[in-house]
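Architecture at a glance
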Amino acid sequence: MENHQLKIYNSLSGEKEIFKPILEGNVGMYVCGPTVYSNVHMGNVRTFMSFDFIYRALTHLGYKVRYVRNITDAGHLTDDGDVNNDRFVKQSRLEKLEPMEIVQKYTVNFHDVLKLFNNLPPNIEPTATGHIIEQLELAKILIDKGLAYESNGSVYFDVLEYNRRGLNYGELSKRNIEELFANTRDLDGQGEKKNPQDFALWKKASPEHIMKWPSPWGEGFPGWHLECTAMSTKYLGDKFDIHGGGMDLKFPHHECEIAQGKGCNGTSPVNYWMHANMLTMNGQKMSKSTGNTILPMELITGENTFFEKGFHPSVIRFFFLQAHYRSVVDLSNEALLASEKGFNRMMEALKILNDYEGEGENSSFTLAEWKDKCYAALMDDFNSPILIAHLFDVVKLIFSIKDGKSHLSTSDTDELKHLMHAFVYDVLGLQQIEENANEKLDSTIQVLIELRNQARKAKNFELSDQIRDKLLEAGIQLKDSREGTTYTY
Ligand code: AMP
Ligand code: ZN
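Residues numbered from 1 in each chain as written. Chains lettered and ligands numbered in written order. Predicted model: local features only at pLDDT ≥ 70, side-chain atom pairs only at ≥ 80, totals over all residues. Heavy atoms only, no water.

1. Considerations on the pattern of salt bridges
Counted according to the given criterion, the structure contains 20 salt bridges. Between Glu171 and Lys262 there is a salt bridge, with its nearest N and O atoms 2.7 Å apart. One end of the pair, Glu171, is in the loop between helix H5 (159-164) and helix H6 (177-183); the other, Lys262, is in helix H8 (residues 250-265), and 91 residues separate them in sequence. Note that Lys285 and Asp248 form a salt bridge whose closest N and O atoms lie 3.0 Å from each other. Placement of Lys285 in strand S12 (residues 284-285) and of Asp248 in the loop between strand S9 (240-246) and H8 is noted, with a sequence separation of 37 residues between them. Under the relative-accessibility criterion, Asp248 is labelled partly exposed at 41%. (Salt bridge = Lys/Arg side-chain N within 4 Å of Asp/Glu carboxyl O. Helix = DSSP H or I, 4+ residues; strand = E, 2+ residues; numbered from the N terminus. Buried < 20%, exposed > 50% of the residue type's maximum accessible area, 1.4 Å probe, protein only.)

Have a look at this one:
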């Protein structure tokens, strides 16, 4: 690790750059979170997992990371741009639930799914609706600075004025402003905007609109881009180290965030822009709008029409991390089956290593060189596939030790155990698959039922009730009948 400097590919410069945090040893990282109006699909999971790996890697490299990932729970219009078609309101009509019930339902789903794939929670998880005041403040500042204007109860960012001041709208997505003006259709402005490229900071709500808040311009709701500027700068400062999200958020979302940040604070808000690449299925981007999606539980259980069987979340995680976060990954049966094989072999090797004590003073493997290569990969823009390839050198070594063809000294064995543990479990976030977990649980419950039966025979009803109640507390319900005791969990 000592021999390498961390390099990060910065989408803004289009180059790998040596990472220099604003505050030595600390990293402020903001990642755009989900829009919680529907279940997350595997494409969403891939992006959040990419940043979970990056968060884990930064932490392992010794940085103290403040990781902020928001929840978008308001202000997202449907693709037709109709102001009455707020995604949350539309979904709430469809499911006959309150918009905030929709938000709660899908936030819980999001958390459950990410936990299933062993993602660590962020340090702060702010919501858009919890930061309306901050967003209104930003809109007011931009109006005061002449970079935004009110029109018919809505507020728009003035892109032409921004560029007139030489601030360079389009710098992240490398889009040319003239081209943008030529190609834009005015979908959601309804003639209110000075220019079609101007984007909404605040939208006027119609009287029937449910999710709305008071503002100096009447009742309305915030534009999507503003929430991320409000929350990132509130928790990480006007300028912070890393901003992440999926590649598809580069434009307009992140471009608008840069414009808002520069407009408000006079400084570009982010030093390193990181974009994770897309998950495709059958060669097409996974996307809710085209219906080319698979949900996490469908992939895990195998209850779907695309895949032969189900795959463990750790196998899926391993499969994703076998590709670099900036490469496209295509989800296919063959690729998952191959990953499963590799994953199982690595986990088997780890078990063998665990039982190996090492022998003598010498090793038939240069551990220091291998360790150096692993850190070189990790610190070269978080190159997980190369890191995994190096881990497989050790897998090969372990099987050759098992066959008596190689050996490691006791001290190297200790260090290798420590390093493999760190790379596999802490950094890649993989988990051993508990084989027969259900079988083990079933036999444990049978033992407890037997003990309860004995207690009942001995008329020790206090104990037998206690066993039943404690099991119930753990989510296991016993049911007595003439045929015996059954259970559900
Ligand atoms: P959303 O909830 O639509 O805002 O999306 C949440 C995150 O998932 C964003 O960072 C998107 O860029 C990302 N995302 C959406 N579709 C895909 C995909 N097919 N592959 C990878 N990431 C995706
Ligand atoms: Zn965002």
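Moving on, there is more to tell.
2. Quick word on the coordination of the zinc ion (ligand 2)
Around the zinc ion (ligand 2), the protein contributes the donor atoms Cys32 (SG), Cys228 (SG) and His253 (NE2), which lie 2.0 to 2.2 Å from the metal centre. Positions of the donor residues of the zinc ion (ligand 2), expressed as sequence spacing, correspond to C-x195-C-x24-H. Taken together, the residues span a long stretch of sequence, with Cys32 in the loop between strand S3 (26-31) and helix H1 (42-60) and Cys228 in helix H7 (residues 224-236) at a distance of 196 residues. By the burial criterion, Cys32 is buried, and Cys228 matches it. (Donors = N, O, S within 2.8 Å, 3.2 Å for Na, K, Ca; no water.)

3. What to know about the sheet that holds S9
Here four strands make up an open sheet; going across it, the order is S4-S3-S9-S10 and the pairing parallel. One side of each edge strand has no neighbouring strand; the edge strands of this open sheet are strand S4 (64-69) and strand S10 (270-276). Put simply, the sheet's adjacent strands are angled 20 degrees from each other on average, direction ignored. Where S3 and S9 come together, three bridges link them in parallel fashion. Among the inter-strand pairings, Val31 is bridged to a residue of S9, identified as Gly244. On the sheet, H7 packs against S3, S4 and S9 and is oriented at approximately 165 degrees with respect to S3. (Pairing = 2+ DSSP bridges. Axes fitted to C-alpha atoms, helices over the stretch in contact; angles between N-to-C directions. Contact = heavy atoms within 4.5 Å.)

4. Focus on the UniProt feature "binding site: ATP" (unreviewed entry) in the chain
Mapped onto this structure's residue numbering, the UniProt feature "binding site: ATP" (unreviewed entry) falls at Lys288. Counting through the fold element by element, Lys288 comes out in the loop between S12 and helix H9 (296-301). Assessed through its relative accessible area of 44%, Lys288 is described here as partly exposed. For Lys288, the residues in contact, after removing those within four places along its chain, are Tyr37, Ser38, His41 and Thr293. (UniProt positions renumbered as here; feature names shortened; annotations may be inferred.)

5. What to know about the domain arrangement of the chain
When its domains are assigned, the chain resolves into domain 1 (7-276), domain 2 (280-426) and domain 3 (437-488). Distance between the C-alpha centres of domain 1 and domain 3: 51 Å. (Domains from an automatic or database assignment.)

6. Regarding the side chain of Asp73
Along the polypeptide, Asp73 turns up in the loop between S4 and helix H2 (87-95). Within the local environment of Asp73, its side chain forms a polar contact with the backbone nitrogen of Ala128, the two atoms lying 3.2 Å apart. If we skip the residues at most four places from it in the chain, Asp73 touches Val36, Phe88, Met100, Val103, Thr127, Ala128, Thr129 and Met211. (Polar contact = N/O pair within 3.5 Å; in protein donor to acceptor, adjacent residues only side chain to side chain.)

7. Examining the site of ligand 1
The immediate surroundings of ligand 1 are formed by 16 residues, with Thr35, Thr47, Asp248, Leu279 and Met286 found nearest. A distance of 2.6 Å separates a nitrogen atom of ligand 1 from a polar side-chain atom of Thr47. The separation between a nitrogen atom of ligand 1 and a polar main-chain atom of Met286 is 2.7 Å. Summarising the interface, the protein chains cover 88% of the accessible area of ligand 1, which totals 490 Å² for the free molecule. In terms of residues, the shell around ligand 1 owes the most to one element, H1, which gives four residues. Class assignment for the residues of the shell around ligand 1 results in six nonpolar, eight polar and two charged. (Near = heavy atom within 4 Å. Areas by Shrake-Rupley, 256 points an atom, 1.4 Å probe, with all protein chains shown as cover. Nonpolar A, V, L, I, M, F, W, Y, C, P; charged D, E, K, R; others polar.)

8. Comments concerning the sheet that holds S12
One open sheet holds the three strands; their spatial order is S12-S11-S13, and the pairing between them is mixed. Looking at which strands have only one partner, the edges of the open sheet turn out to be S12 and strand S13 (329-331). The pairing of strand S11 (residues 279-281) with S12 spans two bridges and is classified as antiparallel. Across the sheet, the residue bridging to Met281 is Gln284, located in S12.

9. Side note on the pairing of S10
Among the seven residues in S10, six count as buried, and that is most of the element. Alignment of S9 against S10, held across six bridges, turns out to be parallel. Its bridge partner being in S10, Gly246 is matched across the sheet by Ala276. Assessed by its sense of winding, the connection that carries the chain from S9 through H8 to S10 is right-handed. (Right-handed = clockwise from strand over helix to strand, strands pointing away.)

10. A few points about the packing of helix H4 (residues 132-144) against H8
The contact between H4 and H8 brings their axes to 9 Å, and the two run at 65 degrees. Between H4 and H8, the crossing angle belongs to the class labelled roughly perpendicular. Once H4 is placed against H8, the crossing between them reads as left-handed. Along its contact with H4, which presents Leu138, Ile141 and Leu142, the element H8 presents Gln260, Gly263 and Cys264. Looking at the contact of H4 with H8, its residues break down into four nonpolar, two polar and no charged. (Parallel < 35°, antiparallel > 145°, perpendicular 65-115°, else oblique. Left-handed = near helix turned anticlockwise from the far one by under 90°.)

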